Amino acid sequence: MCNPEEAALLRLEEVFSATLAHVNSLVLQPLLPAAPDPSDPWGRECLRLLQQLHKSSQQLWEVTEESLHSLQERLRYPDSTGLESLLLLRGADRVLQAHIEYIESYTSCMVVQAFQKAAKRRSEYWRGQRKALRQLLSGVSSEGSVGASLGQALHQPLAHHVQQYVLLLLSLGDTIGEHHPTRELVVNAVTLFGNLQSFMKQELDQAVATQALWHTLRGRLRDVLCTPAHRLLQDSQDVPVTVAPLRAERVLLFDDALVLLQGHNVHTFDLKLVWVDPGQDGCTFHLLTPEEEFSFCAKDSQGQAVWQWKVTWAVHQALHGKKDFPVLGAGLEPSQPPDCRCAEYTFQAEGRLCQATYEGEWCRGRPHGKGTLKWPDGRNHVGNFCQGLEHGFGIRLLPQASEDKFDCYKCHWREGSMCGYGICEYSTDEVYKGYFQEGLRHGFGVLESGPQAPQPFRGERYIGMWQAGQRHGPGVMVTQAGVCYQGTFQADKTVGPGILLSEDDSLYEGTFTRDLTLMGKGKVTFPNGFTLEGSFGSGAGRGLHTQGVLDTAALPPDPSSTCKRQLGVGAFPVESRWQGVYSPFRDFVCAGCPRDLQEALLGFDVQSSRELRRSQDYLSCERTHPEDSVGSMEDILEELLQHREPKALQLYLRKALSNSLHPLGKLLRTLMLTFQATYAGVGANKHLQELAQEEVKQHAQELWAAYRGLLRVALERKGQALEEDEDTETRDLQVHGLVLPLMLPSFYSELFTLYLLLHEREDSFYSQGIANLSLFPDTQLLEFLDVQKHLWPLKDLTLTSNQRYSLVRDKCFLSATECLQKIMTTVDPREKLEVLERTYGEIEGTVSRVLGREYKLPMDDLLPLLIYVVSRARIQHLGAEIHLIRDMMDPNHTGGLYDFLLTALESCYEHIQKEDMRLHRLPGHWHSRELW
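We now turn to the structure provided with this report. Computed from a prediction, not measured in an experiment: that's the story for all the values here.

## Here we look at the sheet that holds strand 2 (residues 241-244)
And step 1. Spatial strand order, 2-8-7-6: four strands in an open sheet with antiparallel pairing. This sheet does not close on itself; its edge strands, each paired only once, are strand 2 and strand 6 (275-278). Direction aside, neighbouring strands of the sheet carry axes that sit 25° apart on average.
And step 2. When strand 7 (residues 284-288) meets strand 8 (residues 293-298), the two strands line up antiparallel, connected through five bridges. Counterpart to leucine 288 in the pairing with strand 8 is glutamate 293.
And step 3. Against the sheet, helix 11 (residues 301-320) touches strand 2, strand 6, strand 7 and strand 8, its axis set at about 25° to strand 7.

Below, the structure is given as structure tokens:
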């Protein structure tokens, strides 16, 4: 059965629905065409507000109709339709929201006196409607203004309706009993609509106070402050307060801004960027804003309490982005607004931030956390801030005069200046990758000058030390012409002795000018061994001239002193060369891998302007974005713990290093970019090979240390501890056996190019030797190499009817030949050595098959057979391959089988180089013992 209260609710909804429809036709519809002239700004605003009120009224009517329908269904089918089906109960929040939106639209019209302004436009019409308005409303005086009557007509029915809601719902709650299944729904509805009554009263009171405020302000001040959104919360004319140091004449607290009036000046402060600090005495409290600090002093403690309480609540309300419900300050004391917030602000005071707009995280009046800083001239900075200064990783763009040209700084910052490792890409096409201190290049760094850079640095790469933005200390300079210089720099100039290696392997020793011209006493060693020692100089149009002694009797120079001389080794210790890349990762790990420090590992790989823009967007929006596809840091650490066994660890590291979103992958990516910046392009110079290979080994050690750091964090989160520090042997085993093969592909292209250049001369002799040996058929080559005939695999040769053994080519030891060719299919030094081991096995297996018994080849038999297989495999650049394997080989293999086989391969390579001379010198067979 239905309660009498339900029937009363039905009648209430019927009356209210009809009233809303009547008010709409009598008041709202006539108000819209009577709105002020839309060409007037205020007229357009009033029209917009009245249209919004009309829309809110329509939505309220629709919700009322829906509520009415649910009541009708309940009364029609009480047995099958429960009390919980009523919209007032199951959808109380939705009904409430429709009322709140109508109230807010209505009070916005009140604040700007939209009803009065609209009524003036059709005063004759509204005077004729006064009787209809009196019939609609109770207690309307005939002497009252038309505007006031319109306002009451749009508000009074709603207030009465909400009051009846509360009374009937209370009565309904009393009748259903405490244990009724819908009891909780009824209590919730009573609470919501009771709060709505208080909220309506507060909104009306604030709107009336705000409307009255405009009459007390002069025209210009009123025009500046009068907006529909403003609601006056407190006025210093009601509760006096003084402000220092600004000495404001009047203080107005609105629900979204604090306004200080000083003569004709209006100082407005966004409440989202106001911080409240209680004072030490009972009459004062303090406010912090991005550019100002104020003290508010009231006449007594009561006045101070009112202002501090209301400002605190207003700030809290502004940060939540909506008005408090039920009412401002209802209930307990206001909770202290958070010190850390997100907001946007444009700085006005003179200084480096003048007219710059900051959007991001704040703390107590200062940019603090992630944010974006933009200047009107196009400069912008995205990254981390600390107490108002750039601090942490950040990207800055500085536009240049040329269209779409800018300097880009991707760096670590400290207290507003670049500090630590960074990358700078200049509009002149210069690129610097290295260290900074107080905004200037300082420490180790690499600068590549673009083709448009001024002489003498066009198309040049400098690798070395910097101080205060200038080359200073030991350095290596490489030019596009293939010239390499190593010496000491001071204030961007070469000082003291240095050495210069030209493309033709001439060696210059002495002092040099800024454009790398030998000047003063020096010595030149030519590739043929001749030396020129004396005093050197240059002049306009004269080129290099000298007075000295030319020695033509000297022996050819040691290749290690000229064509293979290595530069930079020892000048820049590999352990400290790129510490600025490793250290942010260490900081990240030492802090327990917090997500907010991951950006220290980002951004360095941005190449194009489009990618740069996307990177800036990512950095500025990252705080609200979901985790990337790589998963959360917790997932990464959990997966790491599940893959500690050798094979599983190898798979995990392969996956991590290949994923640019994984911390290890980010670190590898950054290291790869520093390597390319140093050794690709202009830096692809054979004299830098040793510098590069020791760098790759160091990176492998650091990546293993980075993995160990992540493992330690993962274990600590589980309450466990990492085992004791590894000994050197264990670490080397993991670095060379596990990490180096996985990370070497990222560096292999640039690294192997340096080996190719360094061993180009020997490889050319080797290639010619291979070409000569390939002219021999198999049996003649075996005989030429003095391979004993009982070891020849003639059984493997299949002859046609008119073919002789002496004509067969590329058939003997074919399995060994094909096996050795696979050495070029991998970049892993260990896998290359395994190929060599299998090749040895194939040679020995073939011989054993020929002899019909297991046979271990002695050295005298192995070397000529290995030369045969190498000559038939025709591996390109074998010298570069051998030296790279030797340099990157696990030290634990020294003196073992791999070392022995690699030594044998080196011997074969050296002797094949000599075949060209011997084949031309000797008319017939020569004894192969000369090879050994």
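## Quick notes on a nonpolar patch on the surface
And step 1. Together, Met859, Leu897 and Phe900 line one region of the surface with nonpolar side chains, adding up to about 240 Å² of accessible area.
And step 2. Checked against the element boundaries, phenylalanine 900 lands in helix 27 (residues 897-921).

## Regarding helix 4 (residues 92-111)
And step 1. In this model helix 4 runs 29 Å from its N-terminal to its C-terminal C-alpha over 20 residues, within 8% of the 28 Å that 1.5 Å per residue would give.
And step 2. Remark: glutamine 113 follows helix 4 within two positions and exhibits a positive phi of approximately 55°.

## Here we look at the side chain of histidine 54
And step 1. With respect to the secondary-structure elements, histidine 54 resides in helix 2 (residues 41-76).
And step 2. For histidine 54, the side chain forms a polar contact with the side chain of asparagine 24, separated by 3.3 Å.
And step 3. For histidine 54, the residues in contact, after removing those within four places along its chain, are Asn24, Leu28, Gln29 and Leu32.

## Some words on the packing of helix 13 (residues 579-590) against helix 17 (residues 663-679)
To describe two helices that pack against each other, one gives the angle between their axes and the distance between the axes.
And step 1. Packing of helix 13 against helix 17 leaves a shortest axis separation of 10 Å and a crossing angle of 170°. Here helix 13 lies roughly antiparallel to helix 17, going by the angle between them. Regarding helix 13 and helix 17, the two cross each other, and that crossing is right-handed. Each of Val581, Tyr582, Phe585 and Phe588 in helix 13 lies in contact with helix 17, whose residues at this interface are Pro663, Leu664, Leu667, Thr670, Leu671 and Thr674.
And step 2. The residue makeup of the contact of helix 13 with helix 17, split by class, is eight nonpolar, two polar and no charged.

## With respect to the nonpolar core
And step 1. Val27, Leu31, Phe115, Leu150, Leu154, Phe193 and Leu196 are the most contacted members of the largest nonpolar core, which has 77 residues in total.
And step 2. Of all hydrophobic cores here, the second largest spans 69 residues; its members include Ile463, Cys484, Tyr652 and Ala714.

## What about the pattern of salt bridges?
And step 1. Tallying each qualifying case throughout the model produces 34 salt bridges.
And step 2. Between aspartate 492 and arginine 471 there is a salt bridge, with the nearest N and O atoms lying 3.1 Å from each other. One end of the pair, aspartate 492, is in the loop between strand 20 (484-490) and strand 21 (493-501); the other, arginine 471, is in strand 19 (residues 470-479), with 21 residues separating them in the sequence.
And step 3. A salt bridge links arginine 872 to aspartate 778; its shortest N-O distance comes to 3.0 Å. On the criterion of sequence distance, the pair formed by arginine 872 in helix 25 (residues 859-873) and aspartate 778 in helix 22 (residues 778-784) is long-range, its members being 94 residues apart.

## Thoughts on the pairing of strand 8
And step 1. Residues of strand 8 alternate between two faces, with Phe294, Phe296 and Ala298 buried on one and Glu293, Ser295 and Cys297 left unburied on the opposite face.
And step 2. The hairpin formed by strand 7 and strand 8 contains four residues between the paired strands.

## Quick word on the environment of isoleucine 636
And step 1. With respect to the element layout, isoleucine 636 can be found in helix 15 (residues 633-641).
And step 2. With relative accessibility at 4%, the residue isoleucine 636 sits in the buried group.
And step 3. With 78 residues separating them along the chain, isoleucine 636 and alanine 714 place their C-alpha atoms 8.9 Å apart.

## Regarding the packing of aromatic side chains
The description of an aromatic ring pair rests on the distance of the ring centres and on the angle between the ring planes.
And step 1. One pass over the full model with this rule turns up 31 aromatic pairs.
And step 2. When the ring of tyrosine 421 is compared with that of tyrosine 435, the centres are 6.3 Å apart and the planes differ by 70°; the resulting orientation is edge-to-face. With a gap of 14 residues between them, tyrosine 421 in strand 15 (residues 417-425) and tyrosine 435 in strand 16 (residues 431-437) connect regions that are remote in the sequence.
And step 3. A relative accessible area of 1% places tyrosine 421 in the buried class.

## Focus on unusual backbone geometry
And step 1. Cis geometry is found at the peptide bond from alanine 244 to proline 245, where omega equals 5°.
And step 2. Along the polypeptide, proline 245 turns up in the loop between strand 2 and strand 3 (250-254).
And step 3. For leucine 516, which is not glycine, the phi dihedral falls at a positive 65°.
And step 4. Along the polypeptide, leucine 516 turns up in the loop between strand 22 (507-512) and strand 23 (518-525).
And step 5. What makes leucine 516 buried here is its relative accessible area of 15%.

## Regarding the sheet that holds strand 4 (residues 257-262)
And step 1. Strands sit in the order 1-3-4-5 across an open sheet of four strands; the sheet is antiparallel. Bordering the open sheet on either side are strand 1 (232-235) and strand 5 (265-270), each of which pairs with just one other strand. Sheet twist, expressed as the mean angle between neighbouring strand axes with direction ignored, is 20°.
And step 2. Across the face of the sheet, helix 9 (residues 183-216) comes into contact with strand 1 and strand 3 while running at roughly 55° to strand 1.

## Considerations on the packing of helix 24 (residues 829-851) against helix 25
And step 1. It is the contact of helix 24 with helix 25, at a shortest axis distance of 11 Å, that shows an interaxial angle of 110°. As judged from the angle between their axes, helix 24 and helix 25 are roughly perpendicular. In this structure, helix 24 meets helix 25 at a crossing whose hand is right-handed. Across from Thr839, Tyr840, Ile843 and Val847 in helix 24, the residues of helix 25 making contact are Leu862, Leu865, Leu866 and Val869.
And step 2. When its residues are assigned to classes, the contact of helix 24 with helix 25 shows seven nonpolar, one polar and no charged.

## Some details on empty space enclosed by the protein
Where empty space is left can be seen by rolling a probe of water-molecule size over the atoms.
And step 1. Evaluated as defined, the whole model comprises seven cavities of 30 Å³ or more.
And step 2. Estimated volume of the second largest cavity: approximately 80 Å³.
And step 3. Together, His736, Gly737, Leu740, Pro741, Asp828, Pro829, Arg830, Leu833, Met888, Met889, Asp890 and His893 line the second largest cavity.
And step 4. Those elements giving two or more residues to the lining of the second largest cavity turn out to be helix 19 (728-743) and helix 24.
And step 5. Per element, the largest residue contribution to the lining of the second largest cavity is four residues, and it comes from helix 19.
And step 6. Of the residues assigned to the lining of the second largest cavity, the class counts are six nonpolar, three polar and three charged.

Procedures and definitions
- Residues numbered from 1 in each chain as written.
- Predicted model: local features only at pLDDT ≥ 70, side-chain atom pairs only at ≥ 80, totals over all residues.
- Heavy atoms only, no water.
- Pairing = 2+ DSSP bridges.
- Helix = DSSP H or I, 4+ residues; strand = E, 2+ residues; numbered from the N terminus.
- Axes fitted to C-alpha atoms, helices over the stretch in contact; angles between N-to-C directions.
- Contact = heavy atoms within 4.5 Å.
- Patch = residues over 30% accessible without salt bridge, like charges linked within 9 Å, V, L, I, M, F, W, Y side chains within 5 Å.
- Areas by Shrake-Rupley, 256 points an atom, 1.4 Å probe, with all protein chains shown as cover.
- Salt bridge = Lys/Arg side-chain N within 4 Å of Asp/Glu carboxyl O.
- Expected span 1.5 Å × (residues − 1).
- Polar contact = N/O pair within 3.5 Å; in protein donor to acceptor, adjacent residues only side chain to side chain.
- Parallel < 35°, antiparallel > 145°, perpendicular 65-115°, else oblique.
- Left-handed = near helix turned anticlockwise from the far one by under 90°.
- Nonpolar A, V, L, I, M, F, W, Y, C, P; charged D, E, K, R; others polar.
- Core = buried A, V, L, I, M, F, W, Y, C linked by side-chain atoms within 4.5 Å.
- Buried < 20%, exposed > 50% of the residue type's maximum accessible area, 1.4 Å probe, protein only.
- Phe/Tyr/Trp six-rings, centres within 6.5 Å; stacked < 30°, edge-to-face > 60°.
- 1 Å grid on protein atoms, 1.4 Å probe; cavity = no way out; pocket = protein on both sides within 12 Å on 5 of 7 lines; lining within 4 Å.
- Points joined across faces, edges and corners; volume = space filled by probe spheres on them.

Spatial relationships are all this shows, so hold off on functional conclusions.
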